[in-house]
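# Chains, contacts and geometry: an overview
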Amino acid sequence: MGLRWHHFALWGLFAVTLFVLPEFVSRGTLRTLIFANFLAIFAISWDTLSGRTGYISFGHPFLIGIGAYTTAILTKRFDVAMEISIPIAVIATMVGGLIVLLPALRIKGSYFALVTLAMMELIYQLVQVIRPDLTGGTRGMSGLPTLTRGAVNGYYMSVSLMLAIALTTWLVMRTRLGTALSAIGMNEEAVSGSGLSVTKLKMAAFLFSAFIAGLGGAVYIHYLGSIAPRALFDINFVFTIIVAALIGGAGTTVGPIAGAFFLTFLLEYLRPYLPGAERYMVYSGLALILYMAQPKGMWELFFQGIAKFDRLGRRE
Amino acid sequence: MKFGKILKAVTAAGVISAASFATAAYAEIKVGFIGSLSSDTGLSTLRGAEMAIEELNAKGGVLGEKIKLVTADTQEDVTEGIKAYEYLAETEEVDFIISGSIDDVSLGWIPRMQEFQIPTLDTWTSSISIIDMVVQDPEVMAPYFMNIASDEALATLYINFGADVLKKQMGWNSVVILAEDTGFGQAITGLVTEAISPVAGIEVKETIIYDVGTVDFAPIFAKAQATGADFIYQVSSVNSQVISSQYVKLQVPMPMTGVNVSALGMEYWEDTGGAGGGISTLSPLPSVGFKLDPTSQAFVERYQAKYKSRPVIPHFNGFNAYYGLTQAMAAAEEAGGFKDAKKWSAAMEKQDLKLELDGKLWLRYGFWGKDEVEEVTKRTYPHNARFDLSAPYDDAQPSMVVVQWKEDGSVGVVYPFEYATTKFEIPSWIKK
Amino acid sequence: MALLEIENLSAFYGKAQALHDLTFNVEEGSIIAMVGANGAGKSTLLDSIMGLTQTKGDIRLDGTPITAAKPQDIVVKGVGYAPERFNLFPYMTVRDNLLVGAYTAREDIETNLDMIHKLFPRLEERENQETVSQSGGERQMVSLGRALMSSPRLLLVDEPTIGLAPKVCLEIADVLKRLRDEFSLTVLITEQNANFALSLAEQIMVLESGHLVASGTSDELSSDERLAAAYFGH
Amino acid sequence: MLQVLIQGLLLSGLYALIAVGFTLIFSVGRVLNLAYGAYLLIGGYTYFYFSQQLGLPKFAGVALAGIIGCALGILKFQLIVRPLKGNHVAIEISTLILAVFLQSVVIFVFGDSSKILLPIIPGVERVAGAAIPFSNLFAAIASWVILISLWLFVRSTHMGRAMQAVSMDAKGAAISGVDATKINMFTWALSGTLGAIAGVFFASYTQLYPGMWVAPLIIAVAVVIVGGIGSIIGTLIVAHIVGFLEILTSAYIAPELRGVFTMLLIIVILVWRPSGLFGREEL
């Protein structure tokens, strides 16, 4: 797997930094960090599916929504305890992942992106009309049970979950499975030519991505305490997830996290100057420039920057 | 070497910015606004609050401290609403929150209000389910007030309008309900369906629910016509100018009345490009088509001098924010600030502002007591605006009126008769 | 002055070099064949002349440099190309395929169509057929026809006989000869089938791994024993 | 029955008009322009600004919307599509970002609240209980006219054939002397113009609001997927399938289900016949 001690040292340092953060920052900043953590989870989930295998999903909230709605309905309508409903939600999402897989077995490229977009639209419309007594229809549900109260607890919960998911993903992606997934992204025919079962590999990627999405989605709505289809199955939400993953750096684990943190804080820092939706003008404008400049993401820019400074340093 | 230096600088900058975040300045009363900053209704609340704060500060502030307003946009989105409430509570650490949120957004952040216990005044949502929460859990909901009459009052007034005008004057016997698929739509539809037949004697032929994203209403109107009902009752709060402008553009040969939130503002005529004549809607009191009392009129004049952009006249929730914020500050004076939410709540419950027009009570900002039972609906409305459902409305305002836009672009009140400035009419293209 | 002059031409795919310092001339009114095995760089050479690859060196047409010019400009200057895989427009009819070929030579459509129909009567019969449903031989004819629609002076044909039945090969060879004799075109073809090349071209060049290893008339090359063994099978 | 037929034709015409510009880019440029809906957004707001706010004649408003849409299409091609050199994923993602950017710009300039446009051609006629607003009738007829002339243009002009050629075989087009860059730019300009004009009609029937780019994009996606790429007549037919499906659902099943069947249709078609009903086996 090519693990080195410094990998763990860096992860440890990262974790420790995040865990001591509540001592130094205000509760308001913690709330922002919580959203950054959840966005990071969703971006990692998107990245394991799309960033690595090249199957671009424009309907990722489809998966997140299955997890979120399953646990919301179970806890709100059937009084199921969250300890039970969340695992069920994760399993339901993985089943959803298999549904996404079906078209992927036949179609690729832009068409796959379109079918995922259609799936998101479909579930958005269905949630509103099929059994609104269960789903809450257009307006969703509020007053769901919450896992924690208060900014500090919410922060520790979200950061632990995010770190656990990130570390797991990182480890999994360093195995041969991860290599094979990236290989699918580069050249699917070559992978199938090399005797590996592309279908099984895709299934692994889709299930893994769905697992993260379901877990993240379920915990997210038990943090928010409410669920609304308009906010969830929204192309703007898709946009935020994809941009986070890509700005940070697709195909890496740290990239989506960096992207999520960067973008969430950018939005929060803009709030005093542009309180409304105009904030997205700066956000998307910057995202567009960054993406056009370096489609591999900030992570790549960062490394290039270090290399440049190192060269400069040596010259002095 | 250089890289090391830059790293140091970056770290230093990070520490400084984190530290500046942690220390919040604290020498003033901070009011937080939560609502949509890009909708006319959201702006109404914000500006009403701004005007009240300006006046209070000119008089020396509250408890010797100046009032400062911070805003958080909900974008009419539940998740953004929760984020906005958290931002106000935790980053800005406000003392008091004034809300121009729509129903679904308020329902989203209510759990946060319960957690933070920040005195909060809603000026726009009329959701009866929030008042139900106050009934069920008065302790936790103590800091919450809603100074607009709730859905129940709205529906009840409409039933009276149905009996007095639609049935008696127009001779209509049956209705088809066209309701949007929102919390508000469901609540009003439920209340109206329950009562319109037994009280007003109007039969409900069918209820058609439509999605708020509906682009083309032609088939929906066709369906409504097919029911053979005498008129359409619409319930729309989101994008309601779409349905009304298509009603006019399609010249649907069937009268339509009901609740159309966009028709509550002066901008309705401009927004529909003039395609909005004939639409009538329920409306809270200080709204379009009214002569105002002197105090409110003075407020409107100052408002128009200050703001050149739309909305050109505050919606009723702008008045609610203006008077409500003044009352909240008065309650704070009495309770020694906002820190003790229970004490403030008790002081707020006692607030009572009566405005008269031509020697008669016309607008009242007061709240129902915990155990007070309203006569018509036979239930309690703690922390909800005080309304009076039966003429001569001498206990409080009727809370709701019916206004109608004419095809020439004028607007007037058609019901209750005591307030009426014009008569209810059907659009010219409908053959009688 | 030769119609096409090539001097020190090298071509690259990324960092890989596919052609090494080729220098040769194509005289006006001749048929020249470039012979070589698969992967020797024959297609790359034709692509390079058309401006489709990254090149170094000089290519001159009638004395004017066309190195690194855009394909459309090279077409305008009088080079027609019938590539190995034809690159036809599969869901367009034969006629429309030909008309696209006339994109830069719209005033010659009538004459060129006449000429093509004379050369390939079958194309006229099937002018409303989509090329996706045609046989290899027919596609080769459309491909040649399309190249001719631009009124070229120099025609580049990549592997005109690959995968075709012997009878069709003869037909193509006949057409190429007629193009030179009746319509005074200069033709540069590439061939794996050296015997076909011998039967057609007055001058033959041999390409091996991107290097030009021999060049001469058919007779000269046939008498070279090493080449004869390698390419001409005797 | 007649009523359903009339409503179906009107709505379908509007949908065809919306989808055609998107189809064009997808067929010729082979890229998904997720910012396609933004043409409608910008077109609608341009018309609103010039005709309704500044009071210019309606025709001038529509023409200006078309010009701005055309310029936007060219800019998009020059600034995003060309630099990304055929990297489809990158183009899709950047156009999505661009769409959100344009939406925020509209919010910044015009605010978030929705606006109702005056009908381009006022008036309404009733036939068999169905109302036919002249504006919609005009949009439906315009969509037929535009689509059929586009079909003729693509089939029988040099430019049109070159557009087909570029879409089918880039190398083949290049060696025929077709400048793919010019053709692509022309296609983007045409798509932008058509999109912006469709936006005026779409907005004048529904409403103008910053999020209005999503619904037309979904409609366009549906039409293109079900119809298959490269088929203009397919676009026209499928726009009618989608339009009638919605009207029939609203009339006979439930209005709130109107979008569900369209989405189901997309998914079923994509899984069952990925090249679409009228498309080619080129995946």
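Note that this is a predicted model, so its numbers are computed, not measured.

So, about the overall build of chain A. When its secondary structure is counted, chain A shows 15 helices and two strands. A globule of 316 residues ought to have a C-alpha radius of gyration of about 20 Å, and chain A, at 20 Å, matches this closely. Its C-alpha atoms give chain A principal-axis dimensions of roughly 70 × 55 × 40 Å. Here chain A holds 316 residues, and the buried ones make up 59% of them. For chain A, the computed accessible surface area is about 12,000 Å², with 67% contributed by carbon and sulfur atoms.

When the parts come together, some accessible area is lost, and that loss is often what is quoted as the size of the interface. Contacts between chain A and chain D engage 35 residues on the former and 43 residues on the latter. Carbon and sulfur atoms supply 83% of the area that chain A and chain D bury against each other, a total of about 3,700 Å² over both sides. The largest per-residue losses of area from chain A upon contact with chain D belong to Tyr111(A), Leu114(A) and Met281(A), which jointly make up 18% of the total buried on that side. Taken together, chain A and chain D are joined by three residue pairs in polar contact (both at pLDDT 80 or more). For the side of chain A that touches chain D, the secondary structure elements donating two or more residues are helix H4 (82-106), helix H5 (109-129), helix H12 (235-248) and helix H14 (279-293) of chain A.

Residues and elements named next belong to chain B. If you trace the four strands from one edge of the open sheet to the other, you get E7-E6-E8-E9, paired in parallel fashion. Each having just a single partner strand, strand E7 (203-210) and strand E9 (256-260) make up the two edges of the open sheet. On average, each strand axis in the sheet is tilted by 15° relative to the strand beside it, whichever way the strands run. The pairing of strand E6 (residues 174-180) with strand E8 (residues 231-236) spans five bridges and is classified as parallel.

The next point concerns the arrangement of the chains. The top pair by number of contacts, from a total of four pairs of chains in contact, is chains A and D. Regarding chain A and chain C, the two do not touch, and the least distance separating their C-alpha atoms is 18 Å. There is a clear gap between chain B and chain C: no contact, and 33 Å between their nearest C-alpha atoms.

All names here are of chain B. Once the domains are mapped, chain B shows domain 1 (3-149 + 292-355) and domain 2 (152-283 + 400-419). Once you take the C-alpha centre of each, domain 1 and domain 2 turn out to be 32 Å apart. Listed per partner, the contact involves 13 residues of domain 1 and 12 residues of domain 2. Summing both sides of the interface, domain 1 and domain 2 together bury roughly 990 Å²; the carbon and sulfur share of this comes to 65%. Looking only at domain 1, the three residues that lose the most surface to domain 2 are Ile-128, Arg-310 and His-315, adding up to 38% of its buried area. Seen at the junction of domain 1 and domain 2, the total is zero salt bridges.

Below, the discussion takes up the sheet that holds strand E1 (residues 29-35) of chain B. Residue and element names in this part refer to chain B. With parallel pairing, the five strands of this open sheet are ordered in space as E2-E1-E3-E4-E5. Two strands lie at the open edges of the sheet, namely strand E2 (67-73) and strand E5 (144-146), each paired on one side alone. Put simply, the sheet's adjacent strands are angled 20° from each other on average, direction ignored. The pairing of E1 with strand E3 (residues 96-100) spans five bridges and is classified as parallel. Bridging across to E3, Gly-35 finds its partner in Gly-100.

All right, on to the interface of chain A and chain B then. Each partner contributes to the interface: chain A provides 36 residues, whereas chain B provides 38 residues. For the chain A and chain B pair, buried surface summed over both sides reaches about 3,300 Å², with 52% attributable to carbon and sulfur atoms. At the junction of chain A with chain B, the criterion picks out three salt bridges. In this structure, Arg31(A) and Glu90(B) form a salt bridge, with 2.3 Å as the shortest nitrogen-oxygen distance. Taken together, the connections running from chain A to chain B amount to six residue pairs in polar contact (both at pLDDT 80 or more). Elements supplying a minimum of two residues to the side of chain A that touches chain B: helix H2 (27-53), helix H10 (198-224), helix H11 (229-232), helix H13 (254-270), H14 and helix H15 (298-315) of chain A. The element that contributes the greatest number of residues to the side of chain A that touches chain B is H2(A), accounting for five residues. When grouped by side-chain class, the residues that make up the side of chain A that touches chain B number 16 nonpolar, 10 polar and 10 charged.

What follows is about H12(A). Along its 14 residues, H12(A) runs 20 Å from first to last C-alpha, staying within 8% of the 20 Å computed at 1.5 Å per residue. Counting buried positions along H12(A) gives 13 out of 14 residues, so the element sits mostly inside the fold.

Let's shift gears to the pattern of salt bridges. In total, this model carries 32 salt bridges over all chains according to the counting rule given. Ionic pairing is found between Arg31(A) and Glu115(B), a salt bridge with its closest N-O pair at 3.5 Å. Taken together, the residues span two chains, with Arg31(A) in helix H2 and Glu115(B) in helix H4 (residues 103-116). In this structure, Glu54(B) and Lys306(B) form a salt bridge, with 2.5 Å as the shortest nitrogen-oxygen distance. With a gap of 252 residues between them, Glu54(B) in helix H2 (residues 40-58) and Lys306(B) in helix H11 (residues 294-306) connect regions that are remote in the sequence. A relative accessible area of 43% means that Glu54(B) is categorised as partly exposed. Three or more residues are tied together by salt bridges with common partners; here these are Arg31(A), Glu86(B), Glu90(B), Arg112(B) and Glu115(B).

Rules used in this analysis
- Residues numbered from 1 in each chain as written.
- Chains lettered and ligands numbered in written order.
- Predicted model: local features only at pLDDT ≥ 70, side-chain atom pairs only at ≥ 80, totals over all residues.
- Heavy atoms only, no water.
- Helix = DSSP H or I, 4+ residues; strand = E, 2+ residues; numbered from the N terminus.
- Rg over C-alpha atoms; globule rule 2.2 N^0.38 Å.
- Buried < 20%, exposed > 50% of the residue type's maximum accessible area, 1.4 Å probe, protein only.
- Areas by Shrake-Rupley, 256 points an atom, 1.4 Å probe, with all protein chains shown as cover.
- Contact = heavy atoms within 4.5 Å.
- Buried area = accessible area lost by both parts, 1.4 Å probe.
- Polar contact = N/O pair within 3.5 Å; in protein donor to acceptor, adjacent residues only side chain to side chain.
- Pairing = 2+ DSSP bridges.
- Axes fitted to C-alpha atoms, helices over the stretch in contact; angles between N-to-C directions.
- Domains from an automatic or database assignment.
- Salt bridge = Lys/Arg side-chain N within 4 Å of Asp/Glu carboxyl O.
- Nonpolar A, V, L, I, M, F, W, Y, C, P; charged D, E, K, R; others polar.
- Expected span 1.5 Å × (residues − 1).

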